[in-house]
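Observations on the three-dimensional arrangement
Each chain, written out:
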Amino acid sequence: MTNLKRLGEKVKHLRKEKGLTQEKLAELANIDPKTIIEIENARRRNPTLKTLNKIAKALNTTLTSLLS
């Protein structure tokens, strides 16, 4: 499994665990919903650390945990 696919699955798992839609997570992270969709489906090739950090904060986790 690629790192991007693993990251996408982790974001999706944490999002669903928190009972959030992709749209709500995007709103909480202050990013475009398309970005969440692309990350979860491993179509966003190079998400920035800034974007990933926003997602981690919105999911009440750390960037390190999100990337591990």
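The structure under discussion appears in the preceding block.
Let me begin by describing the structure that accompanies this report.

Scoring rules and cut-offs
- Residues numbered from 1 in each chain as written.
- Predicted model: local features only at pLDDT ≥ 70, side-chain atom pairs only at ≥ 80, totals over all residues.
- Heavy atoms only, no water.
- Buried < 20%, exposed > 50% of the residue type's maximum accessible area, 1.4 Å probe, protein only.
- Helix = DSSP H or I, 4+ residues; strand = E, 2+ residues; numbered from the N terminus.
- Contact = heavy atoms within 4.5 Å.
- Axes fitted to C-alpha atoms, helices over the stretch in contact; angles between N-to-C directions.
- Left-handed = near helix turned anticlockwise from the far one by under 90°.
- Nonpolar A, V, L, I, M, F, W, Y, C, P; charged D, E, K, R; others polar.
- Polar contact = N/O pair within 3.5 Å; in protein donor to acceptor, adjacent residues only side chain to side chain.
- Salt bridge = Lys/Arg side-chain N within 4 Å of Asp/Glu carboxyl O.

1. Brief notes about helix α3 (residues 33-40)
Every buried residue of α3 is listed here: T35, I36, E38, I39 and E40. Close packing links the buried residues of α3 with α1 (3-17), α2 (22-29) and α4 (49-58). Remark: A42 follows α3 within two positions and exhibits a positive phi of approximately 55 degrees.

2. Digging into the packing of α2 against α3
Across the interface, α2 lies against α3 with an axial gap of 8 Å and an inter-helix angle of 115 degrees. Handedness of the α2/α3 crossing: right-handed. Residue-level contacts link Q22, L25 and A26 of α2 to P33, I36, I37 and E40 of α3. In terms of residue class, the contact of α2 with α3 is built from 5 nonpolar, 1 polar and 1 charged.

3. Quick notes on the side chain of R15
Assignment of secondary structure puts R15 in helix α1. Within polar-contact distance, the side chain of R15 engages the side chain of E40 at 2.5 Å. Ignoring any residue separated from it by four or fewer positions in sequence, one finds R15 in contact with L20, T21, Q22, L25, E40 and L59.

4. Some thoughts on the pattern of salt bridges
Following the criterion strictly, the structure yields 4 salt bridges and no others. Between K5 and E9 there is a salt bridge whose closest N-O contact spans 3.9 Å. With K5 and E9 both in helix α1, this residue pair falls 4 residues apart, about one helical turn.

5. Some remarks on the environment of A42
When you line up the elements, A42 lands in the loop between α3 and α4. Looking at A42, the relative accessible area reads 27%, which means it is partly exposed. With 11 residues separating them along the chain, A42 and I31 place their C-alpha atoms 17 Å apart. The contact partners of A42, leaving out residues within four places of it in the chain, are L4 and K5.

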